[in-house]
Amino acid sequence: MRAVDIIIKKRDGLELTKEEIDFFIQGFTEGTIETYQASALTMAIYFRGMTDKEATYLTESILHSGDILDLSAIHGIKVDKHSTGGVGDKTSLVVGPLVASLGIKFAKMSGRGLGHTGGTLDKLEAIPGYNISMEEQKFIEQVNEIGIALVGQTGELAPADKKLYALRDVTGTVESIPLIASSIMSKKLASGADAICLDVKVGSGAFMKNVEDATKLATLMVNIGKNCGRKMTAILTNMDEPLGLAVGNSLEVIEAIQTLNGKGPKDFEELCLEVAAHLVLAAGLEQNIEAAKKRLKQQIDNKEGLNYLAKLVAAQGGDASYIYNPDQFPNAKYVLDVLSDKAGYISHIDALAIGNAAMILGAGRSKIGDTIDHSVGIVLEKKVNDKIGKGDVLAKIYSNFENVSDSIKLVLDAFAVAKNPVESKLILKIVK
Ligand code: URA
């Protein structure tokens, strides 16, 4: 087999076989296939696309390039969730404890944030003592004991994806639906869960800018997961404004705690209940989505979800008293108001700009290895469809330095104001 023949076959729009895809991915990972050939193949895939069968083979090939977690020693169905990356997305911190409190095993490996989106691990590390690294054996033991673990990656999952993604990043081939789907799904499948709920973000702050493309991506990921024997659901959600109100690490943990106390922002609670309800259905605990949501709401009302967040934090070395008394989180030195210069109804809040404004304050990384200031960020005071007057506070900036003019400008410009209210919906579509 020759790499060039595989490139030509895809260039001409033909379907690749499993053997051809395995040959190429193995060769690229081991270094026997040159980077320029992998660039040519990814560009051919970008233009020609892939069938579901090819995308499944590609996912499996990337998946088998590294370690695959064996969670068979965990009793019962193991569930996981994944978001394609949003601003203010602290959903795992609420969904995990809620489903675990119902006896469903939540075994999740998360990532760090880069650029305008935050990472769950960075948020968890805002809790003093919380340890994100754990051996596989201990991970399994913890999930068996308390029903939940939220850690960084153990072992080396999907190394071929790391190499391919770095290449796509510099060759204009990130925005290919089969390449995104195989990249995400190879890592998700390597993490070993039986049922996965995907939250595919749509809008200005997301990879997928419209519902049509997001539906294609979600459908392909669901099909890949099902082809690999997993229970799958994808939820398309609006990212035309940040999720909830808080953007920034300890601010987001506080918002997750408020939500588990029944006092979270409406949109954030709605998404958490939707994602968690699909996991409840996958675990077979309820037969319909409304019953699942009702049951989850009870776990908020009786504080069991909150107790499971505290259990998780304690099991991973963190100070669980912060969960019951979040006033202990260190405050940023300065809190500055961003004031509206217009009147009307908010029609859009550019999530990308808010994410970037938070990153400049130190809440995120502009490059791998940057350190994070957990106390800083932005809290929105207004959301889409809120009525505002000139001089109203749109958002508060939490900073450890006084001059935040760049962030203020980004936040102010992120708010679009219209004369009349607009239609807006958080959950756009469910793909099963
Ligand atoms: N996230 C991933 O992990 N891979 C992609 O290709 C895009 C988003």
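Structure report, in brief.

1. Thoughts on helix H8 (residues 159–169)
Thinking step 1. Looking only at H8, the buried set comprises Pro159, Ala160, Asp161, Leu164, Leu167 and Arg168.
Thinking step 2. Contacts from the buried residues of H8 go to helix H2 (18–30), helix H3 (35–48), helix H4 (52–63) and helix H9 (177–190).

2. With respect to the pattern of salt bridges
Thinking step 1. The full count for this structure, using the stated rule, is 22 salt bridges.
Thinking step 2. Lys188 is the partner of Asp80 in a salt bridge, and the nearest nitrogen-oxygen pair spans 2.9 Å. Linking Asp80 in strand E1 (residues 78–83) with Lys188 in helix H9, this pair joins segments that are 108 residues apart in sequence. Taken individually, Asp80 and Lys188 each receive the classification buried, so the pair is uniform in this respect.
Thinking step 3. Its salt-bridge partner being Asp89, residue Lys201 comes within 3.3 Å of it at the nearest N-O pair. Of this pair, Lys201 sits in strand E4 (residues 195–202) while Asp89 sits in the loop between E1 and helix H5 (92–100), and the two are 112 residues apart along the sequence.
Thinking step 4. Beyond isolated ion pairs, a larger network of salt bridges with shared partners links Asp80, Lys108 and Lys188.

3. Some words on the layout of surface pockets
Thinking step 1. The calculated volume of the second largest pocket comes to roughly 390 Å³.
Thinking step 2. Surrounding the second largest pocket, 19 residues form its lining, Glu241, Asp267, Val384, Ser424 and Leu426 being those nearest its centre.
Thinking step 3. Mapped by element, the contributors of at least two residues to the lining of the second largest pocket are helix H12 (266–282) and strand E8 (344–349).
Thinking step 4. Per-element tally for the lining of the second largest pocket: the top contributor is H12, with 3 residues.
Thinking step 5. The residue makeup of the lining of the second largest pocket, split by class, is 6 nonpolar, 5 polar and 8 charged.
Thinking step 6. When residues of the lining of the second largest pocket are sorted by domain, at least three fall in each of domain 2 (78–324) and domain 3 (331–418).

4. A few points about unusual backbone geometry
Thinking step 1. The phi angle at Ala158 is positive, at roughly 45°, despite the residue not being glycine.
Thinking step 2. Position of Ala158 among the secondary structure elements: in the loop between strand E3 (148–151) and H8.
Thinking step 3. Note on Ala158: relative accessible area 2%, which makes it buried.

5. So, empty space enclosed by the protein
Thinking step 1. A complete count under the given rule lists 3 cavities of 30 Å³ or more for this structure.
Thinking step 2. Taken as a whole, the second largest cavity spans an internal volume of roughly 100 Å³.
Thinking step 3. Around the second largest cavity sit 15 residues that line it, and Phe24, Ile25, Leu41, Ile45 and Leu58 are the ones nearest its centre.
Thinking step 4. Within the residue set of the lining of the second largest cavity, elements represented by two or more residues are H2 and H3.
Thinking step 5. A per-class count over the lining of the second largest cavity returns 13 nonpolar, 1 polar and 1 charged.

Analysis parameters
Residues numbered from 1 in each chain as written. Predicted model: local features only at pLDDT ≥ 70, side-chain atom pairs only at ≥ 80, totals over all residues. Heavy atoms only, no water. Buried < 20%, exposed > 50% of the residue type's maximum accessible area, 1.4 Å probe, protein only. Helix = DSSP H or I, 4+ residues; strand = E, 2+ residues; numbered from the N terminus. Contact = heavy atoms within 4.5 Å. Salt bridge = Lys/Arg side-chain N within 4 Å of Asp/Glu carboxyl O. 1 Å grid on protein atoms, 1.4 Å probe; cavity = no way out; pocket = protein on both sides within 12 Å on 5 of 7 lines; lining within 4 Å. Points joined across faces, edges and corners; volume = space filled by probe spheres on them. Nonpolar A, V, L, I, M, F, W, Y, C, P; charged D, E, K, R; others polar. Domains from an automatic or database assignment.

It is worth stressing that arrangement in space is one thing and function is another; only the former is reported here.
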